Amino acid sequence: MSLMLDTLSLLVLGCHVRVQCQDAEIRALLVANYGHMQGSRGQATLQYTVARQARSGGFLVSRAGREPLSAADPGMLLFLFEKDMTVELEKLRPDLYFVHAAVLALEHAAVMLVGESGSGKSTTTWALLHHGCRYFSDELGPLDLQTGEVYPYPHALCLKDVPPGPYPLPKNTLYTARTLHIPTAALPSTVGEGPAPLAAIFFLQYRPEAAAPVVEPLSKAEAAARLFANALNPLAHAGDGLDGAIMVSARVASVKLFSADLMATCALVRATLKRLFWHEETKRCLQGQWPHP
Amino acid sequence: MNEPLDHPKRRVDVNVRMVDGEVVVLDRQSDLIHQLNHTASYIWGRCDGQSTVAEIANQLAAAFQVDADTAVQDVATTIRQLHSIGLLESLRNLPEGP
């Protein structure tokens, strides 16, 4: 095995993650994805080694305390690394309520797009970044239940397909066999640098056959159930995570969004947010009036 | 012998919260979460293992001001749905007889 060339140090949700890369190509791949999170070289709380498998040409992701993960190609390497790191972050930060969601900010308010894989979270996020929204994440919404704030997790925006409409991919998009990754430096917006108060949640469902996107109200109970269903570490919280979901849904404006044409969907999201921002409950969230659980 | 659906009884080993008059039920056994609408929540609240479907329907008719036939149908349908999603005690959960 050749010598380790370089170490990549990340600061993610206050945790120091150190990745020892066997070669410059591996490091470049990880920098393209996590470049915005590069940070402190302090004592590592999570430590990885990423090396090449000599025979297969694939990769091996190693972390103390678990069996190494084998990845056949760069796309799988990013997928496995991301999955392992986020699970470990959930363990390291059990105080945060992790939601499988895209997160954007409009002005100083954070907005979550919650939906199953394939519902269009990343594609909608990519489009909304062209319409004045700031990027927090397209995958992970770490929420502080004490303050009502969401933390950024700004890895490269990851798409499964080339997006439709007037939102072309930048030149330095990273193409793997399974996914497209847009580095944060190539995004058309700025990136969130600190937590922002959660003001609204859109529960997203893609309806490609629909003529126009639609927003529908939903009850607090339904919002709580849907939010809980997308919580990643509910058991770390009171009431098996149900109380957290109920508290958030009680305080944050939530709607169902049936997306269609991307540009029309963005216009609808922006119009809905402007309307929601005038609600008293949203104003209270934005003013930091988030009662302790 | 009474069938469980004659005297429906809600499970007590699930995590239940009331949110704006609607019940949210977390069933850790099946790893599912359910949200019941107002009517279903009302019926769920009366599935105590003592009340019959007819008695629950009478209460529903009075509370929601619907006619008796509609109430019986609604309660029967809801009880079947609650049973099918595993939120009611079923025969396998009942103590065995002598």
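Note that the structure is predicted; figures quoted are calculated from it, not measured.

(A) Structural detail: the overall build of chain A. The helix and strand tally for chain A stands at seven helices and 16 strands. At 19 Å, chain A has a C-alpha radius of gyration in line with the 19 Å of a compact globule built from 293 residues. Counting only C-alpha atoms and orienting by the principal axes, one finds that chain A spans roughly 60 × 40 × 25 Å. Counting over 293 residues, chain A shows a buried share of 55%. A separation of at least 24 residues holds for 69% of the contacts in chain A among residues at least 6 apart in sequence. Counting every atom, chain A has about 12,500 Å² of accessible surface; 55% of that belongs to carbon and sulfur. Once the 25 positive and 26 negative side-chain charges of chain A are each reduced to a mean point, those two points are 2 Å apart.

(B) Quick peek at the interface of chain A and chain B. Across the boundary between the two partners, chain A contributes 13 residues, which contact ten residues of chain B. Of all residues in chain A, Ala-221, Leu-242 and Ile-246 of chain A bury the most surface against chain B, accounting for 39% of the area lost on that side. Taken together, chain A and chain B are joined by two salt bridges. Residue Arg-28 of chain B pairs with Asp-240 of chain A through a salt bridge whose shortest N-O separation is 3.1 Å. Applying the counting criterion to the chain A and chain B interface returns four residue pairs in polar contact (both at pLDDT 80 or more). Elements represented by at least two residues in the side of chain A that touches chain B include exactly α4 (220-229) and α5 (242-251) of chain A. The greatest single-element share of the side of chain A that touches chain B, amounting to six residues, is contributed by α4 of chain A. In terms of residue class, the side of chain A that touches chain B is made up of seven nonpolar, two polar and four charged.

(C) Representation of empty space enclosed by the protein in the model. All names here are of chain A. Inspection of every chain in the model, using the stated rule, returns one cavity of 30 Å³ or more. Taken as a whole, the largest cavity holds about 30 Å³ of empty space. Of all the elements in the fold, those that place two or more residues in the lining of the largest cavity are β6 (96-106), β7 (109-114) and α6 (262-276). The biggest single contributor to the lining of the largest cavity is β6, with three residues. Residues belonging to the lining of the largest cavity are distributed by class as follows: nine nonpolar, no polar and no charged.

(D) Expanded view of unusual backbone geometry. Residue Leu-13 of chain A is not a glycine yet carries a positive backbone phi of 50°. With respect to the secondary-structure elements, Leu-13 of chain A resides in the loop between β1 (6-12) and β2 (15-21). Even without being glycine, Gln-65 of chain B reaches a positive phi, approximately 55°. For Gln-65 of chain B, the position within the fold is in the loop between α2 (53-64) and α3 (68-84).

(E) Looking closely at the layout of surface pockets. Residues and elements named next belong to chain A. Taken as a whole, the largest pocket encloses approximately 1,100 Å³ of empty space. Every residue lining the largest pocket is counted, 45 residues in all, and those nearest its centre are Ser-117, Ser-122, Glu-139, Cys-158 and Lys-160. Listing elements by their share of the lining of the largest pocket, those giving two or more residues are α1 (24-34), α2 (74-92), α3 (121-128), β11 (157-159) and α6. When the residues that make up the lining of the largest pocket are grouped by side-chain class, the tally is 18 nonpolar, 16 polar and eleven charged.

(F) Helix α1 (residues 38-45) of chain B, seen in detail. Residue and element names in this part refer to chain B. Taken together, the buried positions of α1 are Ala-40, Ser-41, Tyr-42, Ile-43 and Trp-44. Where α1 is buried, its residues touch β1 (15-19), β2 (22-27), α2 and α3. Residue Asn-37 occupies the N-cap position of α1, its side-chain oxygen lying 3.2 Å from the main-chain nitrogen of Thr-39.

(G) Broad picture of α3 of chain A. Summarising burial for α3 of chain A: seven of the eight residues are buried, a large majority. Every buried residue of α3 of chain A is listed here: Lys-121, Ser-122, Thr-124, Thr-125, Trp-126, Ala-127 and Leu-128 of chain A.

(H) Region of the structure containing the confidence of the model for chain B. Residue and element names in this part refer to chain B. Of the residues in chain B, 87% reach a pLDDT of 70 or more, and the chain-wide mean stands at 88. Least confident of the elements in chain B is α3, whose mean pLDDT is 94; most confident is β2, at 98. Here residues 91-98 is a poorly scored stretch, pLDDT under 50, and it has five contacts once near neighbours within four places are set aside; other chains count. Reported confidences for the modelled complex are a pTM of 0.91 and an ipTM of 0.86.

Rules behind the numbers
- Throughout this document, residue positions are counted from 1 along each chain, in the order its sequence is written.
- Working convention: letters from A go to chains and numbers from 1 go to ligands, in the order in which they are written.
- Since the coordinates come from a predicted model, pLDDT governs what is reported: local features require at least 70, and pairs of side-chain atoms require 80 or more to be given and counted, while whole-chain, interface and lining totals use all residues.
- Hydrogens and water molecules were not included; the side-chain quantities draw on all heavy atoms of the structure.
- By definition, any uninterrupted DSSP run of H or I lasting at least four residues is a helix, any uninterrupted run of E lasting at least two residues is a strand, and each is numbered from the N terminus.
- Computation of the radius of gyration draws on C-alpha atoms, with the globule rule given as 2.2 Å multiplied by the number of residues to the power 0.38.
- Only protein chains enter the area calculation, which uses a 1.4 Å probe; residues under 20% of their type maximum are buried, those over 50% are exposed, and those in between are partly exposed.
- Here a residue-residue contact requires only that any non-hydrogen atoms of the pair lie within 4.5 Å.
- Here the Shrake-Rupley method, with its probe set to 1.4 Å, supplies the accessible areas, and only the displayed protein chains count as covering residues.
- Under this rule, positive means Lys or Arg and negative means Asp or Glu; His and the chain ends count for nothing.
- Think of each charge as sitting on NZ of Lys, CZ of Arg, CG of Asp or CD of Glu.
- Using a 1.4 Å probe, buried area is obtained as the accessible area two parts lose upon being combined, added over both of them.
- Each salt bridge in this description consists of a side-chain nitrogen of Lys or Arg and a carboxyl oxygen of Asp or Glu lying within 4 Å of one another.
- Residues adjacent in sequence count toward polar contacts only when both atoms are side-chain atoms; beyond that, a polar contact is any pair of N or O atoms within 3.5 Å, and within protein one must be able to donate a hydrogen and the other to accept it.
- Nonpolar residues are Ala, Val, Leu, Ile, Met, Phe, Trp, Tyr, Cys and Pro. Charged residues are Asp, Glu, Lys and Arg, and all others, Gly as well, are polar.
- Using a grid of 1 Å spacing that covers the protein atoms alone, one calls a set of points a cavity when a 1.4 Å probe fits there but cannot get out, and a pocket when the set is open and has protein on both sides within 12 Å along at least five of seven lines; lining residues are those with an atom within 4 Å of a point.
- Grid points are joined across faces, edges and corners, and a volume is the space filled by probe spheres set on the points.
- Confidence of the predictor in every single residue is expressed as pLDDT, which spans 0 to 100.

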